[in-house]
Amino acid sequence: MDLSELERDNTGRCRLSSPVPPVCLKEPCVLGVDEAGRGPVLGPMVYAICYCPLSRLEDLEALKVADSKTLSESERDRLFAKMEEDGDFVGWALDVLSPNLISTSMLGRVKYNLNALSHDTATGLVQFALDQGVNVAQVFVDTGGLPETYQERLQQRFPGIEVTVKAKADALYPVVSAASICAKVARDQAVKNWKFVEKLQDLDTDYGSGYPNDPKTKAWLRKHVDPVFGFPQFVRFSWRTAQSILETEAEDVKWEDSETGDQEGPGKIKSYFSESPQTCVRLPHR
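Residues numbered from 1 in each chain as written. Predicted model: local features only at pLDDT ≥ 70, side-chain atom pairs only at ≥ 80, totals over all residues. Heavy atoms only, no water.

## Some points on the sheet that holds strand β3 (residues 45-53)
Two pairing modes exist for strands in a sheet, parallel and antiparallel, and in both the strands are linked by backbone hydrogen bonds.
For step 1, the next point in the chain: Strand order in this open sheet of 6 strands is β1-β4-β3-β2-β5-β6, and the pairing throughout is mixed. What marks the edges here is a single partner per strand, and that holds for β1 (13-17) and β6 (162-166). Taken over all neighbouring pairs, the strand axes of this sheet differ in orientation by 15° on average, direction set aside.
For step 2, the next point in the chain: As defined by bridge partners, β3 adjoins strand β4 (residues 91-97) across 7 bridges and the pair is classed as antiparallel. Considered in β4, the bridge of Cys50 is made with Trp92.
For step 3, the next point in the chain: Sheet contacts for helix α6 (residues 114-131): β1, β2 (29-36), β3, β4 and β5 (136-142); angle to β3, the most-contacted strand, approximately 30°. (Pairing = 2+ DSSP bridges. Helix = DSSP H or I, 4+ residues; strand = E, 2+ residues; numbered from the N terminus. Axes fitted to C-alpha atoms, helices over the stretch in contact; angles between N-to-C directions. Contact = heavy atoms within 4.5 Å.)

Below is the structure:
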């Protein structure tokens, strides 16, 4: 999978897609939606769609696609390569949402929570397929929330399409399994080849699983937190795990207009810009 566009700029969002098979422009198609990386505190979240003609669904099943969580990395890579070989009837598209985009959305003045971001991203990918001319007749979506509410929303948005939203859809419908493989392959590759815009000393790329309860991930966060500027953009700083580490490992900031009186002491941010007998071993932030 070519993620060079993401590697050039991984601070926002990036959409990638395969060519649309000509048969998908003519015959009614089934489309699956799934994501990878919703829960981790590190790295992007990836939403993906995969589609094929209803008449070729058995051919997709014959590839032995399965829920990406049940497959090894090498098996996912092999299956994705096989789907690429079968590009005459299988198409895909994905949205890569950077940690920076996720955190700034969730912590903005106008809150944009993860569920809303996820739903809008999935809806946007279905619309993208339609805009590309794909003859979408059925849509299957995996969800971890309330499937009834989500299904009703999608059905209203796409009234001419039969929509099914179900928990564990990636284990029930091959086209959703295929989408989950696309999403997981993209996220794994993005995490493995992440380009840090910050100049970090002694950068350690052994992040662990990236999930908040992983001791190795927590240790990585503590190692790479800056006492003033916080985390590199690889981290979802809106996650509670990251916020807790900031509270214990970083400096408190007291803004001059937040309280009356002169705020002197080590917690005052301007103290970092005054002369000090101590020598700072950290490189300047970019």
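## What to know about the packing of α6 against helix α7 (residues 147-157)
For step 1, the next point in the chain: Closest axis-to-axis distance for the α6/α7 pair is 11 Å, and the angle between their directions is 35°. Crossing of α6 over α7 shows right-handed handedness. Facing α6, whose interface residues are Ser118, His119, Asp120, Ala122, Thr123 and Gln127, α7 presents Tyr150, Arg153, Leu154 and Arg157.
For step 2, the next point in the chain: A class-by-class count of the residues in the contact of α6 with α7 yields 3 nonpolar, 4 polar and 3 charged. (Left-handed = near helix turned anticlockwise from the far one by under 90°. Nonpolar A, V, L, I, M, F, W, Y, C, P; charged D, E, K, R; others polar.)

## Regarding unusual backbone geometry
Excluding glycine, residues mostly have negative phi values, and the peptide bonds linking residues are mostly trans.
For step 1, the next point in the chain: Despite not being glycine, Lys64 shows a phi value in the positive range, around 65°.
For step 2, the next point in the chain: Along the chain, the position of Lys64 falls in the loop between α3 (57-61) and α4 (73-85).
For step 3, the next point in the chain: Its identity is not glycine, yet Lys168 carries a phi of approximately 60°, on the positive side.
For step 4, the next point in the chain: Following the sequence through the fold, Lys168 ends up in the loop between β6 and α8 (169-172).

## Observations regarding the pattern of salt bridges
For step 1, the next point in the chain: Per the counting criterion, the structure on display carries 12 salt bridges.
For step 2, the next point in the chain: Arg56 serves as the salt-bridge partner of Asp59, at 2.5 Å between the closest nitrogen and oxygen.
For step 3, the next point in the chain: A salt bridge links Asp170 to Lys69, with the shortest nitrogen-to-oxygen separation between them at 2.9 Å. Taken together, the residues Asp170 in helix α8 and Lys69 in the loop between α3 and α4 connect sequence positions 101 residues apart. (Salt bridge = Lys/Arg side-chain N within 4 Å of Asp/Glu carboxyl O.)

## What to know about the UniProt feature "binding site: a divalent metal cation" (unreviewed entry) in the chain
For step 1, the next point in the chain: The feature "binding site: a divalent metal cation" (unreviewed entry), as annotated in UniProt, sits at Asp34, Glu35 and Asp142 in this numbering. Spatially, the listed residues are clustered: although they cover 109 residues, their C-alpha atoms lie within 8.1 Å of one another.
For step 2, the next point in the chain: You can see Glu35 is positioned in strand β2.
For step 3, the next point in the chain: In this view, Glu35 contacts Val46, Tyr47 and Ala183; residues no more than four positions away in its chain are not counted.
For step 4, the next point in the chain: Of note is the side chain of Glu35, whose polar atom sits 3.4 Å from the backbone nitrogen of Arg38.
For step 5, the next point in the chain: Taking relative accessible area as the criterion, Asp142 reaches 15% and is therefore assigned buried.
For step 6, the next point in the chain: In this view, Asp142 contacts Val33, Asp34, Lys166, Ala167, Lys168, Ala169, Asp170 and Val176; residues no more than four positions away in its chain are not counted.
For step 7, the next point in the chain: Only 3.0 Å separates the side chain of Asp142 from the backbone nitrogen of Lys168, close enough to count as a polar contact. (UniProt positions renumbered as here; feature names shortened; annotations may be inferred. Polar contact = N/O pair within 3.5 Å; in protein donor to acceptor, adjacent residues only side chain to side chain. Buried < 20%, exposed > 50% of the residue type's maximum accessible area, 1.4 Å probe, protein only.)

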